[in-house]
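What the coordinates show
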Amino acid sequence: MKTPLSFRYPFEGHPAPIPMVGLFSFLPGAYLKLFGLQIHAAFEDRGLGNQYRRLNRQTEDGPPKEKFVAKALNEILDEIASDKDAPSLFADVKQALDGCEQAKQRVERLTFIESLLIGFGIEPDTWQRRHCHLALMERAGRRAQQLFEAGDTPGAVEYITTHPLLNALVWPEAQEVLRGATSLNDLRPLTIAMAMDAHLGWLAAWDLDDAENRELPAPQFAGLLPSRMHPGRNPTSLLFDELKRRLEVSTITEMMDRGHRVPDVEVGTLYRWSAGKNFPDTVTMSKVMEAHGFLDDRDILYRQFSAAKLINLLGWLGQDIATKTREHGEPSVLWPWPAYPFGHPDFESWAAERYPFWLAFHQEQGAALAELAKATQNSQ
């Protein structure tokens, strides 16, 4: 009998749909939340907490008025845009607020993920495979959505099936469904499946980048993917295996007692992590690592920690829609579910085929995709 595989909802609170942009990307806030990045904390550290709250304040009448937004933005930019190493985006936003039309156009043509990357100081000329994959995934996904919304289904399908990245998301039966679509709402189950596959491709690009940056053999994330070799084991549990391997221990007792007692970490926390019941928080992860001498947060295990979070998110998405489809008697309107992308019966078989595909795809096409992503960003 097959051991059931279970993924936990990746965020705090009651499970809810994850906000998307275009057909295949999540809004940047979802990625930040997933990886535990707190933007508001960074503003607080700069003494700009009040301005950040004013930007995000929601009133009974809706979002804050434009003049208050502009005032808060100007105060923020006065503080950070003058930094010697400030991203170019900040200067452009400042100039746009001051009335510069060219700067306004440069800001407006950026997608959400491009703005996020540049805001973090990752300028387009330094983008690696993973950055280019994300940028193209959003920009191309938004263009495809615009074509569908305009009623140009043939144009949308042609765009998707000829795009250097998006065409990798389509299998024959999916192409037929795309061609027969009468509304975007009808396509939502399929685009969720395609978005999952696109994010698995992002993971592969990220895997190759990190292995290359650290002069390690690729892949470094593949062992975190649930597989039939480890029945019932989710990425949370598989990450704990990777931790034990790196620490050269075989049990939790060894981890706690081999001259490396972990301060302020309860043994129960480690057992829940090992069983895949609770994903560790960043503080716990850091304490375990530091207790064993892994003091450099650039260590690949920290990256595997984040990769496991993304895998868990993909697992939860598939688990959620596949379960709901079965509960409704597997209606055709929810196709391809409960099967996974490319007709695979479960997460494990899907990942086993598609992850090697995406690794090879980025090894072979990474340079061309980077050229396209950077050219597109600079020309629009």
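Residues numbered from 1 in each chain as written. Predicted model: local features only at pLDDT ≥ 70, side-chain atom pairs only at ≥ 80, totals over all residues. Heavy atoms only, no water.

**Description of the overall build of the chain**
For the chain, the helix and strand inventory stands at 17 helices and two strands. Burial analysis of the chain (380 residues in total) assigns 47% to the buried set. Within the chain, contacts between residues at least 6 apart in sequence are counted, and of these 66% link residues at least 24 apart. (Helix = DSSP H or I, 4+ residues; strand = E, 2+ residues; numbered from the N terminus. Buried < 20%, exposed > 50% of the residue type's maximum accessible area, 1.4 Å probe, protein only. Contact = heavy atoms within 4.5 Å.)

**Topic: the side chain of Asp-209**
The residue Asp-209 is located in helix 11 (residues 184-213) in this model. Residues in contact with Asp-209, not counting those within four places in the same chain, are Gln-128, Arg-129 and Arg-130.

**Here's the deal with empty space enclosed by the protein**
Applying the stated criterion to the full structure yields one cavity of 30 Å³ or more. One number sums up the size of the largest cavity: a volume of about 30 Å³. Of all the secondary-structure elements, those providing two or more residues to the lining of the largest cavity are strand 2 (25-26) and helix 8 (129-149). A breakdown of the residues in the lining of the largest cavity according to their chemical character gives five nonpolar, one polar and one charged. (1 Å grid on protein atoms, 1.4 Å probe; cavity = no way out; pocket = protein on both sides within 12 Å on 5 of 7 lines; lining within 4 Å. Points joined across faces, edges and corners; volume = space filled by probe spheres on them. Nonpolar A, V, L, I, M, F, W, Y, C, P; charged D, E, K, R; others polar.)

**Concerning helix 11**
Of all the bends in helix 11, the greatest measures close to 40° and is centred on Leu-190. Counting buried residues along helix 11, 24 of its 30 residues qualify, which places the element largely inside the surrounding structure. Once helix 11 finishes, Glu-215 follows within two positions and takes phi at roughly 55°, a positive value. (Bend = angle between axes of the 7 residues up to and from the residue.)

**Focus: helix 9 (residues 153-162)**
Thr-153, Gly-155, Ala-156, Val-157 and Ile-160 are the residues of helix 9 that are buried. Residues of helix 9 that are buried sit in contact with helix 8, helix 10 (172-179) and helix 11. Its side-chain oxygen placed 2.9 Å from the backbone nitrogen of Gly-155, Asp-152 serves as the N-cap of helix 9. (Polar contact = N/O pair within 3.5 Å; in protein donor to acceptor, adjacent residues only side chain to side chain.)

**Points about the pattern of salt bridges**
One pass over the full model with this rule turns up 14 salt bridges. Here Arg-129 and Glu-212 are joined by a salt bridge, their closest N and O atoms 3.3 Å apart. You can see Arg-129 sitting in helix 8 and its partner Glu-212 sitting in helix 11, a full 83 residues away along the chain. The exposure class assigned to Arg-129 is partly exposed, which follows from its relative accessible area of 22%. You can call Glu-212 partly exposed: its relative accessible area is 48%. The shortest N-O distance in the salt bridge between Asp-320 and Lys-324 comes to 3.3 Å. You can see Asp-320 and its partner Lys-324 sitting in helix 16 (residues 300-327), four residues apart, about one turn around the helix. A relative accessible area of 25% places Asp-320 in the partly exposed class. What emerges from the salt-bridge pattern is a single network uniting Arg-129, Arg-130, Asp-209 and Glu-212. (Salt bridge = Lys/Arg side-chain N within 4 Å of Asp/Glu carboxyl O.)

**Some points on the packing of helix 7 (residues 112-119) against helix 8**
Orientation of helix 7 relative to helix 8, taken along the N-to-C sense of each, is 150°, at an axis distance of 8 Å. Looking at the two axes, helix 7 sits roughly antiparallel to helix 8. In contact with Phe-112, Ile-113, Glu-114 and Leu-117 of helix 7, helix 8 contributes His-131, Leu-134, Ala-135, Glu-138, Arg-139 and Arg-142. Looking at the contact of helix 7 with helix 8 residue by residue, the class counts come to five nonpolar, one polar and four charged. (Axes fitted to C-alpha atoms, helices over the stretch in contact; angles between N-to-C directions. Parallel < 35°, antiparallel > 145°, perpendicular 65-115°, else oblique.)

**Structural notes on the packing of aromatic side chains**
Summed over the entire model, instances satisfying the criterion amount to 20 aromatic pairs. Consider the rings of Phe-35 and Trp-202, whose centres lie 6.4 Å apart with planes at 70°: the pair is edge-to-face. Here the residue Phe-35 occupies a position in the loop between helix 1 (28-34) and helix 2 (39-45), and Trp-202 occupies one in helix 11, the gap between them amounting to 167 residues. Residue Phe-35 is classed as buried on the basis of its relative accessible area, which comes to 17%. Using a relative accessible area of 7% as the deciding quantity, one classes Trp-202 as buried. One aromatic cluster is present, built from ring pairs that chain together Phe-26, Tyr-31, Phe-35, Trp-202, Trp-206 and Phe-221. Positioned above the aromatic ring of Phe-342 is the side chain of Arg-354, whose terminal nitrogen or guanidinium carbon lies 3.8 Å from the ring centre. A cation sits over an aromatic face here: Arg-354 above Phe-357, 4.1 Å from the ring centre. (Phe/Tyr/Trp six-rings, centres within 6.5 Å; stacked < 30°, edge-to-face > 60°. Lys NZ or Arg CZ within 6 Å of the ring centre and 35° of its normal.)

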